[in-house]
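Structural description and commentary
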Amino acid sequence: MNNEAAIAYFSMEIGLSNDIPTYSGGLGILAGDTIKSSADLEIPIVAVTLISKKGFFSQDINNEGKQIEHAVDWDPSRFMVRLPKKVEVQVEGRSVFLQAWCYTVRSIAGGEVDVLYLDTDVEENTKEDREITDVLYGGDMQYRLKQEIILGIGGVRMLRALGYHIKKYHMNEGHASLLTLELLLLYKRDVESVWDENWIWDADRVKDLCVFTTHTPIEAGHDRFSYDLVQKVLGEIIPLEVLKRFGGKQYLNMTLLALNLSNYVNGVAKKHGEVSKNLFPGYEIHAITNGVHSFTWTCESFKRLYDKYIPGWANEPELLVRTEIIPDEEVWEAHIQAKSELVDYVKKVTDIKMSPDVLTIGFARRFTSYKRADLMFFDLKRFLKVCEKGRVQIIYSGKAHPKDTPGKDIIKKIVEIAKAINDNVTIVFIKNYCIEVALKLVSGVDIWLNTPLRPREASGTSGMKAVHNGVINFSILDGWWIEGHIEGVTGWSIGPKPVESSLIPVSDATDAEDLYYKLENLIIPMYYNDRGQWIRVMKNSISKLAYYFNTNRMMRRYVTEAYLR
Ligand SMILES: *Cc1c(COP(=O)(O)O)cnc(C)c1O
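Residues numbered from 1 in each chain as written. Predicted model: local features only at pLDDT ≥ 70, side-chain atom pairs only at ≥ 80, totals over all residues. Heavy atoms only, no water.

The name recorded for the chain in an unreviewed UniProt entry is Alpha-glucan phosphorylase, from Candidatus Brocadia sapporoensis. Per UniProt, the chain carries the Sequence similarities (unreviewed entry) text "Belongs to the glycogen phosphorylase family." (UniProt positions renumbered as here; feature names shortened; annotations may be inferred.)

What follows concerns the packing of aromatic side chains. Tallied over the entire structure, the rule returns 21 aromatic pairs. Of the aromatic side chains, those joined through ring pairs into one cluster are F363, F367, F377, F383, Y396 and F429. The ring of F57 has K399 lying over it, and the distance from NZ or CZ to the ring centre is 5.2 Å. The side chain of R553 reaches across the aromatic face of Y548, ending 4.1 Å from its centre. (Phe/Tyr/Trp six-rings, centres within 6.5 Å; stacked < 30°, edge-to-face > 60°. Lys NZ or Arg CZ within 6 Å of the ring centre and 35° of its normal.)

Considering all chains together, one arrives at 0 disulfides under this definition. Counting only cysteine sulfurs, C299 is the nearest neighbor of C434, a cysteine outside any disulfide, at a range of 16 Å. Assessed through its relative accessible area of 14%, C434 is described here as buried. (Disulfide = S-S within 2.5 Å. Buried < 20%, exposed > 50% of the residue type's maximum accessible area, 1.4 Å probe, protein only.)

Here strand β10 (residues 210-213) shows no split at all, with C210 and F212 on one side and V211 and T213 on the other all buried. Bridge count for strand β9 (residues 168-172) against β10 is 4 bridges, and the pairing is parallel. Residue pairing across strands places M171 opposite F212, the latter belonging to β10. Across 3 bridges, the pairing between β10 and strand β13 (residues 264-267) is parallel. Paired with T213 across the strands is N266, a residue of β13. (Helix = DSSP H or I, 4+ residues; strand = E, 2+ residues; numbered from the N terminus. Pairing = 2+ DSSP bridges.)

By the assigned domains, the chain splits into domain 1 (7-262) and domain 2 (337-534). In this structure, domain 1 and domain 2 have C-alpha centres spaced 33 Å apart. With 23 residues of domain 1 at the contact, the number on the domain 2 side is 23 residues. In total, domain 1 and domain 2 occlude about 2000 Å² of area from one another, counting both sides; carbon and sulfur atoms represent 56% of this. On the domain 1 side of the contact with domain 2, N18, Q59 and P217 bury the most area, a combined 25% of that side's loss. If you look at where domain 1 meets domain 2, you find 2 salt bridges. (Domains from an automatic or database assignment. Contact = heavy atoms within 4.5 Å. Buried area = accessible area lost by both parts, 1.4 Å probe. Salt bridge = Lys/Arg side-chain N within 4 Å of Asp/Glu carboxyl O.)

Moving on: the sheet that holds strand β18 (residues 447-450). Ordered by their spatial adjacency, 6 strands build an open sheet running β17-β16-β15-β18-β19-β20, and the pairing between neighbours is parallel. The outermost strands of the open sheet, each flanked by one partner alone, are β17 (426-430) and β20 (491-494). The average undirected angle you get between the axes of adjacent strands in this sheet is 20°. Judged from the 6 bridges that link them, strand β15 (residues 359-364) and strand β16 (residues 392-397) form a sheet pairing that is parallel. Looking across to β16, one finds that G362 is bridged to I395. Against the sheet, helix α11 (residues 328-350) makes contact with β15, β16 and β17, and its axis sits at roughly 75° relative to β17, the strand it touches most. Strands in contact with helix α14 (residues 435-444) are β15, β16, β17 and β18; relative to β16, the strand with the most contacts, it is inclined by about 160°. (Axes fitted to C-alpha atoms, helices over the stretch in contact; angles between N-to-C directions.)

For the rest of this paragraph, the subject is the site of the ligand. As a structural note, the neighbourhood of the ligand is formed by 14 residues, with R365, K371, T461, S462 and K465 the closest of them. Within the side chain of R365, one N or O atom sits 3.4 Å away from an oxygen atom of the ligand. A distance of 2.9 Å separates an oxygen atom of the ligand from a polar atom in the side chain of K371. Protein contact buries 95% of the 380 Å² of open area that the ligand shows by itself. Of all the secondary structure elements, the ones that give two or more residues to the shell around the ligand are α1 (26-40), α14 and α15 (462-467). Residues of the shell around the ligand, tallied by class, amount to 6 nonpolar, 5 polar and 3 charged. The two domains that each donate at least three residues to the shell around the ligand are domain 1 (7-262) and domain 2 (337-534). (Near = heavy atom within 4 Å. Polar contact = N/O pair within 3.5 Å; in protein donor to acceptor, adjacent residues only side chain to side chain. Areas by Shrake-Rupley, 256 points an atom, 1.4 Å probe, with all protein chains shown as cover. Nonpolar A, V, L, I, M, F, W, Y, C, P; charged D, E, K, R; others polar.)

Grouped together as the largest cluster of nonpolar side chains are 91 residues, with contacts concentrated most on F367, F383, I394, Y396 and W534. Each of domain 1 (7-262) and domain 2 (337-534) gives at least three residues to this core. Beyond its immediate stretch of four places on either side in the chain, F367 contacts A373, Y396, S397, G398, K399, A400, D404, G407, I410, I411, I414 and F429. Within the second largest apolar cluster, 70 residues are counted, among which are L98, F246, A258 and V265. (Core = buried A, V, L, I, M, F, W, Y, C linked by side-chain atoms within 4.5 Å.)

Interhelical geometry of helix α10 (residues 300-309) versus α11 gives an angle of 155° and a closest axis separation of 8 Å. The angle between α10 and α11 places the two elements in the roughly antiparallel class. Contact residues: α10 offers S301, F302, R304, L305, K308 and Y309, while α11 offers E330, V331, A334, H335, Q337 and A338. Residue composition of the contact of α10 with α11, by class: 6 nonpolar, 3 polar and 3 charged. (Parallel < 35°, antiparallel > 145°, perpendicular 65-115°, else oblique.)

Right, dumping it as structure tokens:
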């Protein structure tokens, strides 16, 4: 560990590798990719998160398609170093102690970034308090608030105890916003000001220190706590009326708290920036479009290809703009290699045989209603008719949050449909979606499908992983795809173009019809009859999309636009 970092990156979840299961989905993977690119670019950053010793959960799916959740038990000491420092925070009026585990991310280019995993499982604490950092997004609102106290307040205290001199605090989503209160207190102590007179001055000082990235495009998605609960669990660490001024009158809204105490705020795609401005009128909200870590999300066969023709690509993904120089046959060979590996993997884990010669569609992400994983089956008869045009096989994967019953129902529905149309179309569901499975899928299918309900997909990142492997996107125009899509050139859209007021709903029927139409008339015919054109779109996906939608580009923007402000 070295404590020279000047930027602290706070995230409730971080997904760095399959061995460290402290992530649930896109937010955590983005955090992991952010850290990896920071190491590539030697940005002086330290990350702070929770140890989540029981992980999110590991997923089983039974024969009926029911999701069964198991706690994950993993041992941090296998991967990280436990630091001797302990700090103390107040929870429900008690002292709760926390320690940190340090994991160092090393870039192939030589840079290093430390990640601090906060942990309340120490002997000074009661049994209940030792479990605060067990389950990611587990428990009730009270448990969540305790976790956010550990992350926000405990995190700042731990950094100070370890000797860091932090100049910017970056909150990745609102879960960490309580850190702003700790900073307010620190500066209050520094100047010994009186709240009533000087809170504005204090706030300006804190704002200069804070950067906030919001990820949620709808009101209901933002964490909020009743002030009764806040009083009980957090206590009145700053006067309630001051807290309400920053965090909202009726509830403590974690997004509002971060918005009011950050000088730089951004959404994660251009469209999402606009949507966020409408949600929170009066705030200046910028946009820095997400990316993925190129080296992590490129499969072995494409890594070899890029190494051969575009050396230096991993640290400087912009170079992928030169993909044109790679011969078509070699692009196709690399793809067939990845596809065969996926087919083998599917056979191994499901005992279902797929064919590397059949057009393969992939869909994998968190299972929750707005992602509409079942849109393809909106009109089952019509879908089967489309598949007569040329054979299609589909691979699904993804977890539903344990409390998300509609999300679980969609998994069940897909498993049932898979059985029902088994004779016509092969559909598999791979259980326990994780980083390892994600890489196999985003590199081994031909088409990456995304069908969210607009404007709910703040950015989406799995499609960016796909393009690093020459896999073609077929998606609703929402999130990043609005910026990446050129019809027929970099992939295909589904449904109408985005309009200014994206709140005008598009019916499932309209979107499904366009999906069927393009699959039947453009995608299936091109895949089976015009391989040259197909490879052209694959190469365009790499040269026009992967070269841009990566976290190395994204982090350069955070440095110049947010951190160095
Ligand atoms: C990339 C990734 C996600 C996010 O996918 P989206 O398409 O952005 O929703 C979720 N889970 C895992 C394991 C991933 O690798």
